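# Architecture at a glance
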Amino acid sequence: MSGVHAAPFVQPASFEFTPESMEQVNRHIAKYPKGRQQSAVMPLLDIAQRQNGGWLPEAAIRAIGELLGMPYIRVYEVASFYTMYNLVPVGRHFVQVCTTTPCWLRGSDQVMEACRQSLGVRNGHTSADGQFTLIEVECLGACVNAPMMQIGDDFYEDLDADSTRRILDDLKAGRTPAPGPQIDRQFSAPEGGPTTLKETA
Amino acid sequence: MPTLTIDGKEVTVAPGTTVLQACEIVGVEVPRFCYHERLSIAGNCRMCLVEQEKAPKPIASCAMPAADNMVIHTNTPQVKKAREGVMEFLLINHPLDCPICDQGGECDLQDQSMAYGKGATRFHENKRAVKEKYMGPLIKTVMTRCIHCTRCVRFAEEVAGVEEIGAIGRGEHMEITTYLEQAMTSELSGNVIDLCPVGALTSKPYAFTARSWELEKVESVDVHDAVGSNIRVDFRGKEVMRVLPRLNEDINQEWISDKTRFAYDGLKRNRLDRPYVRKDGKLQEATWAEAFAAIAAKVNGLPGTKVAAIAGDLADLESMAALKDLMANLGSPNIDCRQDGAKLDASARASYLFNSTIAGIDKADALLIVGSNPRIEAPIINARIRQRWLGGGFRIGVIGEQPELTYDYDYLGAGPGTLGEVASGGHSFAEVLRGARNPMIIVGQGALARADGAAVLAAAREIADTYGMIVEGWNGFNVLHTAASRVGGLDLGFVPGEGGLDVEGILAGAQSGAVEVVYLLHADELDTSRLDNAFVIYQGSHGDQGVKHADIILPGAAYTEKNATWINTEGRVQLGNRAVFPPGDAREDWTIVRALSEGLTGGKLPYDNLGALRRRIAGEVAHVTAINDVVPAAWSTFGQSGPLGDAPFASAVTQHYLTNPICRASYIMAECHAVIEPAQEGTGTHG
């Protein structure tokens, strides 16, 4: 359960996988031996969340329980345990800013502040137009390129206040900013290019 | 067989035994919260830490299998320090509200903090608070007190068979709840109250009514179904405050059904507390002498055949024996204890017992259920079947209704036709029974209380004979009763004598005028409107169905108010003990019959105290002296082979929470009926 605060909202009464989703669902279920379909619960929750605009309605939990022959409470336990599942609606762009120690040392406070100002929302809240949800999260595992944030499925790394603002402005304008390091760095190589192992054999 | 040393004592234990169990064998007490011998091992409370030589750190003894040459210490400073550390962590978020907690005085955490608590806290931050959860009308929750032992989660999943409780969230935000805070739909849900080692789950009806140490306690036997669960009745003054289970491995282990536990408030309502006599068409308060005189005026001089008696579901053995003697004195053969009209044969004891015994279910390897829904007729037996089913290698077939049971079963068919097919070997389930070593059959009252009941009984016996259910050391023929009185009544022979009328005959006779006087002993589940023409004497505890057409009301005692003998569906003889006195002028039931006899033809019954009456019963029914035991019944041929009807079998119980006058007077049961029963019908959590 992530710490997203949602405005009052209505749970949809029912949930159905689309045919495209169902194809993925069946692929995941097929990975496990008969009688062990429950192992597919996590990918199924993810598929349902993606299909439903980034959050998991209660009806989806029931639908998955029925699909996998699991009691609802068991599905709900999984969905509530992992922070990656959102049980309340989130904005179209789900902005997760890492504030764990390495990112914090490298200036995540400025990144967070830039997000707050650019989006006009507090931590855990969704912008009035429903486009952005901002939330602080624990380590996302990209410490080498700290500070960083995750928006949707993409990591934006080596941020500062300016680059953060630029990325958010791009998203607001409907553009797709390039993910990855926002400075002169390739993946997690040293800044400015490799310093060792330059020659290929 | 691993041999290990615990605190210097060497002990050899069975393979698979845990270190904690081995400690118990040598008599070393190990504190624990999450471990429970009837649930799977979770190992998450860490309170049972012990020191193992050559292990780098303390081990959780509940989750560590005992192994050869282990050297365990449980009383070293390291162990004490480790447990104190665990306790300190547990108490970080546990509120110090013992003075207002219903668990206070019987709380594992409170008790163990006496040994391992530090006395002062080093935690100065905010404690976490957790919102209460709704779990239904029976369970009160104070979730801030929860220490996340997950006993309730495991109980719901493993014993009750309804996976509705779970732990949501993680870490500090973990919370125990039912799915979307719906009521738990188990008929065993109250047991989580006993299992909870702290005050997170407590009894809602009992909330804030008493402290455990101010209650007096009496060990007794439950009568709400025919299982005879062992209970402890806690009372204060004149009032029964709560009912708890007692350990009995042969019957209820340590569980009791919600009906057993929570119907006690029905003991305080709708009670008959003085005799009544109908004068000028209206029931009016009377003295015992007036009531007895009115009966004598009516009965004396009447031929015995015009008098009849029916013993109901809550009649104890002693009062039935006294009433039987009274009817014999009056020359009446018209007595019957089979209130529901079941075609049970009192002459063959094996024909009406749960012969395999409840503990015998553990040994069975195939089961055929006929016309019964054990889940609502006998939740404790249902839990035992589930326990056996979880062990694997146990096929279950059901003929009758298709209820949602807590185990998988093969649904064979609805009615006697399928029963006949199984009996003749033409059904595929016959192979399952044939291949089993200890097959068993459970015949419910729903299959017997019908016109072709005797033929159904015969067909069931045939199945038992054909498929080797009756062999040396194993009798798999079982009748599941729903009434606590039934086996006792049948053992006594409280059935029509030579030319006597059965229940249906008595009701018909009362309508036609052939029967003028009907004596109802705790008999309420009858169509009493058919007794309108007769002079009806009702003896019982509650103003329920039976009093509606009564001309005389004799106030009797409920099961918590008398010393009485009960024989459960297995034929096990058990003694119920008096906790409180009957209200007002009400009396123990056998004494009423005995007092009444003085003024009637045939004179005073020859016993002046309970001992004398019990000796009189033992003279006729020898096995009643074998208290707490089951005397096996000899196998014989019984039932009447004949044509089977077409009507499908239906369970004898349709409204689980409203089966007898005590339940029907209970507000708690009424709420369960309103909240839980629709939920059980409405949803299948297994999709």
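For clarity, every value in this text was computed on a predicted model and none was experimentally measured.

## Digging into the overall build of chain B
Secondary structure summary: chain B contains 20 helices and 28 strands in total. For 687 residues, the compact-globule estimate of 2.2 N^0.38 gives 26 Å, and chain B sits close to it at 27 Å. Seen along its three principal axes, the alpha-carbon backbone of chain B occupies a region of about 90 × 60 × 50 Å. Buried residues in chain B amount to 61% of all 687 residues. Only carbon and sulfur atoms are counted for the fraction: they give 51% of the accessible area of chain B, which is about 25,700 Å².

## A short note on the overall build of chain A
Helices and strands together make up the secondary structure of chain A, namely seven helices and five strands. Ordered by position from N to C terminus, the α and β elements of chain A give α-α-α-α-β-α-α-β-β-β-α-β. Viewed in the frame of its principal axes, chain A has a C-alpha envelope of about 55 × 50 × 30 Å. Looking at chain A residue by residue over its 201 residues, the buried ones come to 46%. A fraction of 63% describes how many contacts in chain A between residues 6 or more apart in sequence connect residues 24 or more apart. Separation of charge centres in chain A, based on 17 positive and 23 negative side chains, amounts to 4 Å.

## A word on the domain arrangement of chain A
The parts lose accessible area when they come together, and the size of an interface is often stated as this lost area. Here chain A is partitioned into domain 1 (19–81) and domain 2 (93–181). A straight line from the C-alpha centre of domain 1 of chain A to that of domain 2 of chain A covers 29 Å.

## Looking at the sheet that holds strand 10 (residues 216–221) of chain B
Residues and elements named next belong to chain B. A sheet is described by the order of its strands in space; here three strands give the open sequence 10-11-12, paired in antiparallel fashion. Two strands close off the open sheet at either side, each with one partner strand: strand 10 and strand 12 (239–245). Sheet twist, expressed as the average angle between the axes of neighbouring strands with direction ignored, equals 30°. Judged from the six bridges that link them, strand 10 and strand 11 (residues 230–236) form a sheet pairing that is antiparallel. Looking at strand 11, one finds that glutamate 219 is bridged to arginine 232.

## Quick look at the pattern of salt bridges
Inspection of the entire model under this criterion finds 56 salt bridges over all chains. Between glutamate 318 of chain B and arginine 614 of chain B there is a salt bridge; the shortest N-O distance is 2.7 Å. Of this pair, glutamate 318 of chain B sits in helix 8 (residues 317–330) while arginine 614 of chain B sits in helix 18 (residues 610–620); the two residues are 296 residues apart in sequence, bridging distant segments of the chain. Residue glutamate 318 of chain B is classed as buried on the basis of its relative accessible area of 0%. Residue arginine 614 of chain B is classed as partly exposed on the basis of its relative accessible area, which comes to 26%. Two residues, aspartate 608 of chain B and arginine 594 of chain B, come together in a salt bridge whose shortest N-O distance is 2.8 Å. Here aspartate 608 of chain B, found in the loop between helix 17 (589–597) and helix 18, pairs with arginine 594 of chain B, found in helix 17; they are 14 residues apart in sequence, far enough to count as distant. Judged by its relative accessible area of 11%, arginine 594 of chain B is buried. Within the structure, one salt-bridge network assembled from shared partners comprises Arg74 and Glu77 of chain A together with Glu157 and Glu163 of chain B.

## Some words on the packing of helix 2 (residues 41–51) of chain A against helix 3 (residues 58–68) of chain A
Residue and element names in this part refer to chain A. Orientation of helix 2 relative to helix 3, taken along the N-to-C sense of each, is 140°, at an axis distance of 10 Å. Looking at the two axes, helix 2 sits oblique to helix 3. Considering the relative orientation of helix 2 and helix 3, their crossing is right-handed. Between helix 2, through Val41, Leu44, Leu45 and Ala48, and helix 3, the contact on the second element is made entirely by Ala60, Ile64, Leu67 and Leu68.

## Section: the interface of chain A and chain B
Taken together, the contacts link 16 residues of chain A with 18 residues of chain B. Together, the buried faces of chain A and chain B total about 1,400 Å²; carbon and sulfur atoms form 61% of this surface. Among the residues chain A hides against chain B, the three largest losses belong to Ile73, Arg74 and Phe81 of chain A. Together they make up 35% of the total. Here chain A and chain B share two salt bridges between them.

## Brief notes about the pairing of strand 20 (residues 439–444) of chain B
Residue and element names in this part refer to chain B. Of all six residues in strand 20, six are buried, a share of seventy percent or more. Of the strand pairs in this sheet, strand 17 (residues 366–370) and strand 20 are connected by five bridges, and their pairing is parallel. Across the sheet, leucine 368 pairs through a bridge with isoleucine 441, a residue of strand 20. As judged from the four bridges shared by strand 20 and strand 23 (residues 477–480), these two strands associate in the parallel manner. Bridging from a neighbouring strand, isoleucine 441 pairs with phenylalanine 477 of strand 23.

## Here's the deal with the sheet that holds strand 3 (residues 149–151) of chain A
Where strands meet in a sheet, backbone hydrogen bonds hold them as pairs that are either parallel or antiparallel. Residues and elements named next belong to chain A. Spatially, the five strands line up as an open sheet ordered 2-1-3-4-5, and their pairing is mixed. Looking at strand neighbours, the two that pair on one side only are strand 2 (132–137) and strand 5 (180–181), the edges of this open sheet. Two elements, strand 3 and strand 4 (residues 154–157), share three bridges in a ladder whose sense is antiparallel. Looking at the pairing, isoleucine 151 lines up with aspartate 154 of strand 4. Packing of helix 7 (residues 161–172) onto the sheet brings it into contact with strand 1 (93–98), strand 2, strand 3 and strand 4, and relative to strand 3 it is tilted by some 5°.

## Re helix 14 (residues 453–466) of chain B
All names here are of chain B. With 14 residues, helix 14 should reach 20 Å at 1.5 Å per residue; the first-to-last C-alpha distance of 20 Å fits that figure. With eleven of 14 residues buried, helix 14 is to be regarded as a mostly interior element. Looking only at helix 14, the buried set comprises Gly453, Ala454, Ala455, Val456, Leu457, Ala458, Ala459, Ala460, Arg461, Ile463 and Ala464. Where helix 14 terminates, the next one or two residues include glycine 468, which has phi positive at roughly 65°.

## Things to note about unusual backbone geometry
The peptide bond linking alanine 146 of chain A to proline 147 of chain A adopts the cis configuration, its omega dihedral lying at -10°. Its location among the elements puts proline 147 of chain A in the loop between strand 2 and strand 3. You will see that aspartate 280 of chain B, though not glycine, has its phi angle at about 55°, which is positive. Inspection of the secondary structure assignment puts aspartate 280 of chain B in the loop between strand 13 (276–279) and strand 14 (282–285). For asparagine 628 of chain B, which is not glycine, the phi torsion reads 70° and is therefore positive. Following the sequence through the fold, asparagine 628 of chain B ends up in the loop between helix 18 and helix 19 (661–664). A residue is classified by how much of its surface remains accessible, and asparagine 628 of chain B, at 46% relative accessible area, is partly exposed.

## With respect to the environment of glycine 166 of chain B
Mapped onto the elements of the fold, glycine 166 of chain B is located in strand 7 (residues 165–168). Considered as a pair, glycine 166 of chain B and phenylalanine 354 of chain B are 188 residues apart in the sequence and their alpha carbons are 36 Å apart. Those residues in contact with glycine 166 of chain B, other than ones at most four positions away along the chain, are Ile73, Arg74 and Glu77 of chain A together with Val153, Glu175, Ile176 and Thr177 of chain B.

Thresholds applied
- Along each chain, the written sequence defines residue order, and numbers are assigned to residues from 1.
- Labels are handed out in written order, letters beginning with A for the chains and numbers beginning with 1 for the ligands.
- Note on the predicted model: pLDDT of at least 70 is required for a residue's local features to be given, and 80 or more for side-chain atom pairs to be given and counted; whole-chain, interface and lining totals, by contrast, use all residues.
- Computation of side-chain values covers all heavy atoms of the structure but excludes hydrogens and water.
- Runs of E in the DSSP output that reach at least two residues are strands. Runs of H or I that reach at least four are helices, and both are numbered from the N terminus.
- Taken over C-alpha atoms, the radius of gyration is set against a globule rule of 2.2 Å times the number of residues to the power 0.38.
- For each residue, the accessible area found with a 1.4 Å probe, counting protein chains only, is set against the maximum for its type, and the residue is called buried under 20%, exposed over 50%, and partly exposed in between.
- Per-residue and other accessible areas follow the Shrake-Rupley method at a 1.4 Å probe size, with only the shown protein chains counted as cover for residues.
- Every residue pair with non-hydrogen atoms within 4.5 Å of one another is taken to be in contact.
- Counting rule for charge: Lys and Arg are taken as positive, Asp and Glu as negative, and neither His nor the chain ends is counted.
- Positions of charges follow a simple convention, taking NZ of Lys, CZ of Arg, CG of Asp or CD of Glu.
- Start and end positions for the domains come from either an automated domain assignment or a database one.
- DSSP calls a pair of strands paired once it identifies at least 2 bridges connecting them.
- Angles shown run from 0 to 180 degrees and are taken between the N-to-C directions of axes, each axis being a line fitted to C-alpha atoms and, for helices, limited to the stretch in contact.
- What makes a salt bridge here is a side-chain nitrogen of Lys or Arg within 4 Å of a carboxyl oxygen of Asp or Glu, nothing more.
- Roughly parallel covers angles under 35 degrees, roughly antiparallel covers those over 145, roughly perpendicular covers 65 to 115, and oblique covers all other angles.
- Two helices crossing with the near one rotated counterclockwise from the far one by less than a right angle form a left-handed crossing, whereas a clockwise rotation gives a right-handed crossing.
- The term buried area means the drop in 1.4 Å probe accessible area that two parts suffer when joined, counted for both and summed.
- By definition here, a helix of n residues has an expected span of 1.5 Å times n minus one.

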